[in-house]
Each structure stands twice: as C-alpha cells, then as structure tokens.
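A closer look at the structure
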Amino acid sequence: MVLELHVWGPAFSLPSIEAQCLATIAYFSVAVPKDAWVLIASSDPSVSPTNELPAVKNGTTWVSRFRNIVDYLRQYSNGAWDLDRELGGIDRADNIAFSSFVESRAQPLLDLSLYVSSENYYNKTSPAYGAILQWPNQWIIPPRLHSAAKSRTEHLGLTSLDLQAMEDQRKREHSAAVAAGQIPKNLIQRPRETVSSLLGKTSQQNQFKLEALTAELFEPLEEILGQKTYLLSDDAPTSVDCLALGYLALILIPDLPYPFLRNAMQTKAPRLSTYTERLRQRCYGTVDVEVPHAFDEAGKSITDASPLPWQAPQRANLATVGSTLLNTLTDATPILKDIRTSERLRQAAQSPDSGLSGVESDALSQYATGQKKDVLVSIAAAVGGVAALIGYMAHVGLLEFSFSGEEGQWEEEEPEEKPKGEEEEGPGVARPELPTSITATEFLGI
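Throughout this document, residue positions are counted from 1 along each chain, in the order its sequence is written. Per-residue local features of the predicted model are confined to residues with pLDDT of at least 70, and side-chain atom pairs are confined, for both listing and counting, to 80 or more; whole-chain, interface and lining totals are unaffected and use all residues. Values reported for side chains reflect all heavy atoms of the structure, with hydrogen atoms and water molecules removed beforehand.

Here is the rule: UniProt positions are given in the numbering used here, feature names are shortened, and annotations may be inferred rather than shown by experiment.
Quoted verbatim from the Subcellular location (unreviewed entry) field of UniProt, the annotation for the protein chain is "Mitochondrion outer membrane". According to its UniProt record, the protein chain has this under Sequence similarities (unreviewed entry): "Belongs to the metaxin family."

Given below as structure tokens:
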C-alpha cells in the first residue's frame, strides 16, 4: 500500500513552509522508495485525527509529528527504512540529544523571523500561506499561526519586532502619560513614527539579543559538524540530519526583507550553510520547488531534477467548507472552545502515537475528561442560577405573568393606567360635587 504524506504546501522555493514537514519530506526522500509514497500538500491540519501536520496515512492508520513518523516507518518496514539502524549506543544518544537541541533552539528563531517580524510576515509569510490555502482557510489559518508564534516567543523579550505591538505599546504609554499629567490630548504634540524609523529602532535595540540567540544555535552545530559530511558520520545522513535540514533550510533559503537570521547563519556557520545547501539538493532536488508542482493533477512535476512524488490534494467541497467555518466559530466561543480543547487533549492522550506510557495516557485522559466535566458543571450552575433568580423575582412580584387562553401565550401584566385628569386622593380629602347642568343666569348670579 502506498503511504500518503500530508504536509503544509510549498513556499520560498522549498517543498513546505513548515520545518517539521520539511524534515519528514527529507526523511522519506532518503529512506523510502519513490514508488512507496506520495506527497500531498493538503495544508489543512483537520485532515489528520490529531489535527497536526505532517501526518502519514496508511489505510485507516494516521501518524503525525516527525519523531512518531520515523518510529512508525521503522516498525512498518521491519527496519529497512530506518536511517539510524547503523548507529551505535553513543551515536544514538547523540542523535536524540542533537535532535532535541535543534528543535528547542531553532523553532523560536523561525517564529521570530517568519511570524513575529512584521516586515517579513506581511510581505512574505502571509502571502505564501495565501498561495497554498483554499478558501476560507486562507483567511483563518495565517492569523492563528501568527498569534501562536507571538505567544511562543513572548518570553524572549523581542516583541518589538512586531510593528503592531510597538504601536499598541506606544499608544498605551501615551495614554498613561496623558492621564497622569491631566493634559488634554489635543495639546500634546508628538512626531509621527514611520515604518522605517520603527524598523531602525528595532534593529538597534534588539541586536544584542538576536546575536546571542543565533550564536546559541549556529555555533554548537558548526562545531558538531566539524569536517564531517553529516552531523554524525561521513557515510550517510541520519534522522537528525533530516530534522536539522527542515529547520536550517527555512533559515538559509527564504529571501526575506529582514534577513537577520540568514545573515547570522552565513556569518557564524559557513560550513553549516554549505552542508544545508548540499543536503537540500539531495533531498528536495536541484530545482526550486514552486506551488504549481504540488497542485499539478497530471503529475508532470516529477522529474529527475525534482524527485518528490507530488499528488494533488482534493479540492474542498461544501461540507469541508461548512465544517471549517463551524469549527472556527466554535473555537471563537469561550465555553465551546474549552470543551473542544479538553476533547482534543483526551483524544491525543489516547492516540497510539502519543508517545506516552499507559499510566501517563490514562492520567492525561482522566485530566482532560475532568476539565470537560468542570466546564459542563459550570454551565449547569450558571443556567440554574439564572433560572432561580427569575423564579425568585416572579415569586416576590417583581415579575408577573398571565396566560392568555385565546392566544396561548404568556403575557406580562402591566399596571392599569388611570384616565387622564384623574388624580389620586389623599386620606380625608373630599372632592366637591359638580352640577350636572347649569344655566348662564345661574352662572352669572343674576
């Protein structure tokens, strides 16, 4: 059976816009025969039960995330598709350690470069997603990924790369200064900031932080590579080489307006840059990957220069579009969002490729179920409280209802209005009686 590898689509002359997808593609291209798999740029995490890409489909079995996919390929092929089969004990330990190092250090830098930096995101990253996504995902997914990347890198203190964040902060500081000084806003004059001036300040203020972060990634990898062909040996690439290529290719290849990350790699790690380009040509081909390659239904994109076995994804139908809109609306509703999050956590804990032990899976599943029950209990308590309040108000007379038999509807009784001219009388006050008729002679007293 042919394996289906679902990934985010091409961008920046690379077969995918996401690092883990690039790493998985590299592993497949080296380890798996070309006729045993197809590459599908579905660019929709909802195709996988775990709501993640990359994901491999084999019949009814789905496996997601790079490390889980590598383990599945090893078991599925009885070791024939295992790039780490020749590694000894020490090299296997290094393989795991180096993989964790690359993921933990490179992902925040990619977040800063492709998403947090406003100049790069709005000019390159967002249009790249628009080219590979179908409606309505092209309006939904990029802002979601943008917000997630900003949240992951907030602890680094480099949010000033985001021009919108800088402008919001400036407005908050301006409002605080106005409130503290009791100065009318229209009397405070300030020079208008331009995009160029803000970018100039960003480069100066964050240069030291960016230098430190890039050095933590590139200098150790440059030392690990040394004079070897690959990170662990001179003979053949291993899984850590594929993983490193996924992240380093997104650092070196994209031509961005603010290329601080690529410049740092070329300056601090020239051998690593050469290694990335060489491995990229071996895994992805010698020609640049374009978006039409992934959506070529005739399959003409598979050549010797472009060895990837592309298969066009299915076009979104009405049911898929409706499901996407419904899920988006549900995720935007606070209570429903919490319920869906707990359910996804439970499903992920019970998934065979979760990587958790039986005890851990049961504990996490019970925690997710408990969270869902807590939300439902809160909803029931709120509804019961509102019903009790309405009942109490009706009991004390603040709300009065009557049932109209003719119309069959409950109607709220309203107090009867007194006729105009009729005034309330106080106790002990008698109103004089007026004659029913009077003549002109009697009225004049004649």
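Text resumes after the structure shown.
1. Describing the overall build of the protein chain
Quick reminder of the rule: Numbering of helices and strands starts at the N terminus; helices are DSSP runs of H or I of at least 4 residues and strands are runs of E of at least 2. Contacts are assigned to residue pairs with any non-hydrogen atoms lying within 4.5 Å of each other. Reported accessibility uses the Shrake-Rupley method at a 1.4 Å probe radius. Residues are deemed covered only where the shown protein chains occlude them.
If you tally the helices and strands in the protein chain, you get 16 helices and six strands. By sequence separation, contacts in the protein chain at least 24 residues apart represent 67% of the contacts at least 6 residues apart. For the protein chain, the exposed surface amounts to about 25,700 Å²; the carbon and sulfur share of it is 55%.

2. Side note on the packing of aromatic side chains
How we decide: Between rings of Phe, Tyr and Trp, where Trp is taken as its six-membered ring, a pair exists when centres lie within 6.5 Å; planes separated by under 30 degrees are stacked, by over 60 edge-to-face, and by other angles tilted. Categorising residues by exposure relies on relative accessible area from a 1.4 Å probe, with only protein chains included: less than 20% of the type maximum marks a residue as buried, more than 50% marks it as exposed, and the intermediate range marks it as partly exposed.
Following the criterion strictly, the structure yields nine aromatic pairs and no others. Ring geometry for Y121 against Y122: centres 5.0 Å apart, planes inclined by 80 degrees, an arrangement best described as edge-to-face. The buried category is assigned to Y121, whose relative accessible area is 4%. Between Y258 and F260 the ring centres are 5.2 Å apart and the planes differ by 45 degrees, which places this aromatic pair in the tilted class. In terms of burial, Y258 and F260 fall into one category: buried. Taken together, the ring pairs in this structure connect W8, Y115, Y121, Y122 and Y129 into an aromatic cluster.

3. Concerning the sheet that holds strand 2 (residues 37-40)
Here is the rule we go by: Between any two strands, at least two bridges found by DSSP are needed for them to pair. Every axis corresponds to a line fitted to the C-alpha atoms, with the helix fit spanning only the stretch in contact, and the corresponding angles, defined between N-to-C directions, vary from 0 to 180 degrees.
A sheet is described by the order of its strands in space; here four strands give the open sequence 2-1-3-4, paired in mixed fashion. A strand with exactly one partner marks an edge of an open sheet, and here the two such strands are strand 2 and strand 4 (61-64). On average, adjacent strands in this sheet sit at an angle of 20 degrees to one another, irrespective of strand direction. Across the sheet, helix 2 (residues 66-76) touches strand 1 (3-6), strand 3 (55-58) and strand 4, and the angle it forms with strand 4 is around 135 degrees.

4. Some details on empty space enclosed by the protein
The cut-off we apply is this: In this analysis, the protein atoms alone were mapped onto a 1 Å grid. Cavities are point sets where a 1.4 Å probe fits without being able to get out; pockets are open sets with protein on both sides within 12 Å along at least five of seven lines; lining residues have an atom within 4 Å of a point. Grid points are joined across faces, edges and corners, and a volume is the space filled by probe spheres set on the points. As a working rule, the residues Ala, Val, Leu, Ile, Met, Phe, Trp, Tyr, Cys and Pro are called nonpolar, Asp, Glu, Lys and Arg charged, and the rest polar, with Gly in that last group.
Scanning the entire structure with this criterion turns up one cavity of 30 Å³ or more. In this model, the largest cavity occupies a volume close to 50 Å³. Residue lining of the largest cavity: L110, S113, L250, I251, P254, L256, P259, L261 and R262, and that is the complete set. Looking at the lining of the largest cavity, the elements with two or more residues in it are helix 3 (89-116), helix 9 (239-252) and helix 10 (260-268). Of the residues contributing to the lining of the largest cavity, the split by class is seven nonpolar, one polar and one charged.

5. Some details on unusual backbone geometry
Between L53 and P54 the backbone carries a cis peptide bond, its omega angle lying at 5 degrees. Despite not being glycine, N51 has its phi angle at roughly 60 degrees, a positive value. Locating N51 in the fold gives a position in the loop between strand 2 and strand 3. For N51, a relative accessible area of 35% gives the class partly exposed.

6. Concerning the pairing of strand 1
Our working definition: The definition of a right-handed crossover adopted here requires that, viewed with the strands pointing away, the path from the first strand over the helix to the second runs clockwise.
Pairing geometry for strand 1 and strand 2, over four bridges, is parallel. The partner of L3 across the bridge, within strand 2, is W37. With helix 1 (residues 19-31) bridging strand 1 and its parallel neighbour strand 2, the resulting β-α-β unit is right-handed. With three bridges joining them, strand 1 and strand 3 adopt antiparallel strand pairing. Residue pairing in the sheet places L5 in a bridge with V56 of strand 3.

7. Focus: the pattern of salt bridges
Quick note on the threshold: Salt bridges are defined by distance alone: a side-chain nitrogen of Lys or Arg within 4 Å of a carboxyl oxygen of Asp or Glu.
Enumeration over the complete set of coordinates arrives at nine salt bridges. Of the charged contacts in the structure, one is a salt bridge between R65 and E52, with a shortest N-O distance of 3.6 Å. Of the two residues, R65 sits in the loop between strand 4 and helix 2 while E52 sits in the loop between strand 2 and strand 3, which places them 13 residues apart along the sequence. With a relative accessible area of 38%, R65 lands in the partly exposed category. Note on E52: relative accessible area 27%, which makes it partly exposed. A salt bridge links D255 to R262; the shortest N-O distance between them is 3.5 Å.

8. Points about the nonpolar core
Rule in force here: For the purposes of this section, nonpolar cores are sets of buried Ala, Val, Leu, Ile, Met, Phe, Trp, Tyr and Cys residues that join through side-chain atoms within 4.5 Å.
Among the nonpolar cores identified, the biggest contains 90 residues, and F28, L112, F218, L248, L272 and Y275 are the most heavily contacted of them. Per element, the largest residue contribution to this core is eleven residues, and it comes from helix 9. Setting aside its immediate chain neighbours within four residues, L248 contacts F218, L221, M265, L272, Y275 and T276.

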